[in-house]
Amino acid sequence: SKMVAGKSSVLEVGCRDAFGTPIVAQVVNRVHGIDLEPVIIEDLNKRNELRERCTFAIHDMIAAPVQGPFDAAYSLDVIEHIPADLENKFVGNIAASLKPNGILLMGTPNIEAHRFASEGSRLGHINLKSGDTLRGLLSQFFENVFIFSINDEVVHTGFTPMAHYLMAMGVGLKKYNGS
């Protein structure tokens with residue numbers, strides 16, 4: 001949440017049950033969470049105690065951008081479930097939802113750690129990334145991309161093949177991306 005602190009509007013792509021959304025809402029003015037699952041969004045809207053600062057809607061990010069523009073977006077544990085042939089539409093539509101100087105934070109398990117994952121996890125992860133492939137994907141849409149490695153609770157900029165989890169930060173939209 002500290003990476004988006006002070007931002008006016010933030011988009012959460014793939015919010016699921018929004019367990020982390022209230023944490024982000026503590027440091028930004030507004031969070032808008034989207035997910036594909038109507039039952040989840042309906043439940044969130046029923047029990048939403050932060051209505052003035054948190055909103056939730058059904059949205060398919062592969063189909064279209066979200067009307068914003070937002071200062072920042074984050075998508076944690078989603079890209080590995082997006083088919084590789086649709087990943088450019090997915091990230092492109094997130095980028096198109098942002099202001100020209102927008103920030104995207106994207107987190108995903110590292111493909112290098114895939115062999116240590118459970119069978120259930122392996123079945124659902126159809127598009128795992130390495131540090132290089134995650135950087136390559138975001139670099140198509142953002143001027144600057146920073147990759148962080150995460151092991152347990154330690155976040156660092158060290159050797160990505162040894163990281164269990166990767167966090168990428170794209171900053172500043174590329175000019176051809178409609179900005």
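Please read all numbers here as calculations on a predicted model, not as lab measurements.

About the thresholds
Residues numbered from 1 in each chain as written. Predicted model: local features only at pLDDT ≥ 70, side-chain atom pairs only at ≥ 80, totals over all residues. Heavy atoms only, no water. Helix = DSSP H or I, 4+ residues; strand = E, 2+ residues; numbered from the N terminus. Contact = heavy atoms within 4.5 Å. 1 Å grid on protein atoms, 1.4 Å probe; cavity = no way out; pocket = protein on both sides within 12 Å on 5 of 7 lines; lining within 4 Å. Points joined across faces, edges and corners; volume = space filled by probe spheres on them. Nonpolar A, V, L, I, M, F, W, Y, C, P; charged D, E, K, R; others polar. Buried < 20%, exposed > 50% of the residue type's maximum accessible area, 1.4 Å probe, protein only. Arc of directions from axis to C-beta.

Along the chain, leucine 166 turns up in strand β8 (residues 165–173). For the pair leucine 166 and isoleucine 147, spaced 19 residues apart in sequence, the C-alpha separation works out to 7.0 Å. In contact with leucine 166, not counting residues within four places along its chain, are Met106, Gly107, Thr108, Asn110, Lys129, Ser130, Gly131, Leu134, Ile147, Phe148 and Thr160.

Time to look at the layout of surface pockets. In this model, the largest pocket occupies a volume close to 490 Å³. Around the largest pocket, the lining is made up of 20 residues, and of these Glu12, Gly20, Val24, Tyr74 and Leu76 lie nearest the centre. The set of elements that each furnish at least two residues to the lining of the largest pocket consists of α1 (21–25) and β4 (70–76). Here the element with the most residues in the lining of the largest pocket is α1; it accounts for three residues. Per-class residue counts for the lining of the largest pocket are 11 nonpolar, four polar and five charged. In this structure, the second largest pocket spans a volume of roughly 280 Å³. Gly14, Asp35, Leu36, Val78 and Ile82 are, among the 15 residues lining the second largest pocket, the residues nearest its centre.

Before going further, it helps to examine helix α5 (residues 131–139). Side chains that are three or four residues apart share a direction in an α-helix, a result of its 3.6 residues per turn. Residues of α5 that are buried: Gly131, Leu134, Leu137 and Leu138. Down the axis, α5 shows its buried residues gathered within 130 degrees of arc, on one side only. Among the structural elements, α3 (87–95), β5 (98–109), β6 (142–151) and β8 are those in contact with the buried residues of α5.

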